[in-house]
Amino acid sequence: LSPDRLVETSILQTGDAHFLWYSRIHHVALDGYGAMTMLRRIAHRYSAKVAGREPDPNRAVSLRQLYDIDSRYRASDRFLTDREYWAERVAGVEGTTLARTAGHVSAASTVESAVLSDDVVAVLDSRDSPSAATIIAAAACYLARRTGRTDVLVTIPVSARTTAVLRNSGGMLVTVAPMPVRVRAEDTVADLIEQVQRELVAALRHQRCSLADIRRDAGDTPSPALHGPMVNVMLF
């Protein structure tokens, strides 16, 4: 935060008619959802310029306005309702981990990728359940089997953008929602997915309450109990 600019953007020309657009923005200033909104807006303005027409009006609000919106939310009954929901939902919940020992903080990443078989894709396509719920349910089932526990916790990133104004704006609003899941031996796959879908809908309904607020209300220790593998479903 001290030596680097919060925003760095460059256009790199790689050929007579070929350019690369490079953009780096610190997470404190812009989250992933806001970044996609920004990219779409810039692309729209570029296309309008090429077509010789006026771009659509900008519907984003300033950071000051986003701050004021958040302040009003935190002074509202909705905030109290969200806090009460999460306090009840995470009461007694323990985090889930596959690690046997504590590890050192590291920025190293390991990327694994695989293509689903045609049979698995056919099963997913044949189900009426939303894909996100199915994927989260699969992750919860895996955690339950690996840990030998019936109750596990996964976390999901949420945009915290519940209005059109927030969805059209930038800023750093994204947070993480804890999702407790109970994986019982007698449940069917359909039962598990239905349970996860209910949890997912409820979490999204109360997504503006941040994980920091949820932990604070839960009286969490400095070593937070509300941790679990993050399942980030990006269906695009």
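So, a few notes on the structure that sits alongside this text.

What counts and how
Residues numbered from 1 in each chain as written. Predicted model: local features only at pLDDT ≥ 70, side-chain atom pairs only at ≥ 80, totals over all residues. Heavy atoms only, no water. Helix = DSSP H or I, 4+ residues; strand = E, 2+ residues; numbered from the N terminus. Buried < 20%, exposed > 50% of the residue type's maximum accessible area, 1.4 Å probe, protein only. Contact = heavy atoms within 4.5 Å. Areas by Shrake-Rupley, 256 points an atom, 1.4 Å probe, with all protein chains shown as cover. Lys, Arg positive; Asp, Glu negative; His and termini not counted. Charge placed at Lys NZ, Arg CZ, Asp CG, Glu CD. Salt bridge = Lys/Arg side-chain N within 4 Å of Asp/Glu carboxyl O. Phe/Tyr/Trp six-rings, centres within 6.5 Å; stacked < 30°, edge-to-face > 60°. Lys NZ or Arg CZ within 6 Å of the ring centre and 35° of its normal. Patch = residues over 30% accessible without salt bridge, like charges linked within 9 Å, V, L, I, M, F, W, Y side chains within 5 Å. Axes fitted to C-alpha atoms, helices over the stretch in contact; angles between N-to-C directions. Parallel < 35°, antiparallel > 145°, perpendicular 65-115°, else oblique. Left-handed = near helix turned anticlockwise from the far one by under 90°. Nonpolar A, V, L, I, M, F, W, Y, C, P; charged D, E, K, R; others polar. Expected span 1.5 Å × (residues − 1). Arc of directions from axis to C-beta. Polar contact = N/O pair within 3.5 Å; in protein donor to acceptor, adjacent residues only side chain to side chain. Core = buried A, V, L, I, M, F, W, Y, C linked by side-chain atoms within 4.5 Å.

## Side note on the overall build of the protein
Part 1 of the reasoning: Looking only at helices and strands, the protein features 8 helices and 4 strands.
Part 2 of the reasoning: Its C-alpha atoms give the protein principal-axis dimensions of roughly 65 × 50 × 40 Å.
Part 3 of the reasoning: A buried classification covers 27% of the 236 residues belonging to the protein.
Part 4 of the reasoning: Long-range contacts, defined here as pairs at least 24 residues apart, represent 65% of the contacts in the protein between residues at least 6 apart.
Part 5 of the reasoning: Element-wise, carbon and sulfur atoms account for 55% of the exposed surface of the protein, whose accessible area totals about 16200 Å².
Part 6 of the reasoning: The protein carries 28 positive and 27 negative side-chain charges, and their two centres are separated by 5 Å.

## Section: the pattern of salt bridges
Part 1 of the reasoning: Tallying each qualifying case throughout the model produces 12 salt bridges.
Part 2 of the reasoning: Between Arg74 and Asp213 there is a salt bridge, and its shortest N-O distance comes to 2.9 Å. A residue pair is termed long-range when its members are at least 10 positions apart, and Arg74 in helix H2 (residues 63-74) and Asp213 in helix H8 (residues 211-217) qualify at 139 residues.
Part 3 of the reasoning: Owing to a relative accessible area of 36%, Arg74 belongs among the partly exposed residues under this scheme.
Part 4 of the reasoning: Take Asp213: its relative accessible area is 4%, and that puts it in the buried class.
Part 5 of the reasoning: Beyond isolated ion pairs, a larger network of salt bridges with shared partners links Arg74, Asp213 and Arg216.

## Quick look at the side chain of Gln195
Part 1 of the reasoning: Note that Gln195 resides in helix H7 (residues 189-205).
Part 2 of the reasoning: Apart from residues lying up to four places away in sequence, Gln195 is in contact with Pro180, Val181 and Arg182.

## Topic: the packing of aromatic side chains
Part 1 of the reasoning: In the structure shown here, the tally under the stated rule is 2 aromatic pairs.
Part 2 of the reasoning: On the basis of an interplanar angle of 75° and a centroid distance of 4.9 Å, the ring pair of Tyr85 and Trp86 is categorised as edge-to-face. Of the two residues examined, Tyr85 and Trp86, each falls in the buried class.
Part 3 of the reasoning: For the cation-ring pair, Arg208 lies above Tyr73, with the distance from its terminal atom to the ring centre recorded as 4.3 Å.

## Let's talk about a nonpolar patch on the surface
Part 1 of the reasoning: On the surface, Ile11, Phe19, Trp21, Met36, Leu39 and Ile42 cluster together to form a nonpolar patch covering roughly 570 Å² of accessible area.
Part 2 of the reasoning: Counting only elements with at least two residues in the nonpolar patch, the list comes to strand E2 (18-25) and helix H1 (32-51).
Part 3 of the reasoning: It is H1 that provides the largest number of residues to the nonpolar patch, a total of 3 residues.
Part 4 of the reasoning: Topologically, Leu39 is positioned in helix H1.

## So, the packing of helix H5 (residues 131-147) against H7
Part 1 of the reasoning: Their axes nearest at 8 Å, the elements H5 and H7 cross at an angle of 110°. It follows from the interaxial angle that H5 and H7 lie roughly perpendicular. Between H5 and H7 lies a crossing of right-handed hand. Facing Ala132, Ala133, Thr134, Ile136, Ala137 and Cys141 of H5, the residues of H7 in contact are Leu192, Ile193, Val196, Gln197 and Leu200.
Part 2 of the reasoning: Split by residue class, the contact of H5 with H7 holds 9 nonpolar, 2 polar and no charged.

## What to know about H1
Part 1 of the reasoning: An ideal rise of 1.5 Å per residue puts 28 Å on 20 residues; H1 measures up with 29 Å between its terminal C-alpha atoms.
Part 2 of the reasoning: Burial in H1 covers these residues: Gly34, Thr37 and Ala48. For H1, the angular spread of the buried residues around the axis is 60°, confining them to a single face. Set apart from the buried face of H1 by more than 90 degrees, the exposed residues are Tyr46 and Val50.
Part 3 of the reasoning: For H1, the elements touching its buried residues are helix H6 (164-167).
Part 4 of the reasoning: Regarding H1, its N-cap is Asp31, as a side-chain oxygen of that residue lies 3.3 Å from the backbone nitrogen of Tyr33 further along.
Part 5 of the reasoning: Following H1 by one or two positions, Gly52 adopts a phi angle in the positive range, close to 70°.

## Points about the nonpolar core
Part 1 of the reasoning: Counting 32 residues, the largest nonpolar core has Trp86, Ile136, Met179, Val181 and Val196 as the members making the most contacts within it.
Part 2 of the reasoning: Elements supplying a minimum of two residues to this core: helix H3 (77-89), H5, strand E3 (151-158), strand E4 (175-182) and H7.
Part 3 of the reasoning: For this core, the leading source of residues is H5, giving 7 residues.
Part 4 of the reasoning: Once you skip the residues sitting within four places of it in the chain, Val196 turns out to touch Ala133, Ile136, Ala137, Met179 and Val181.

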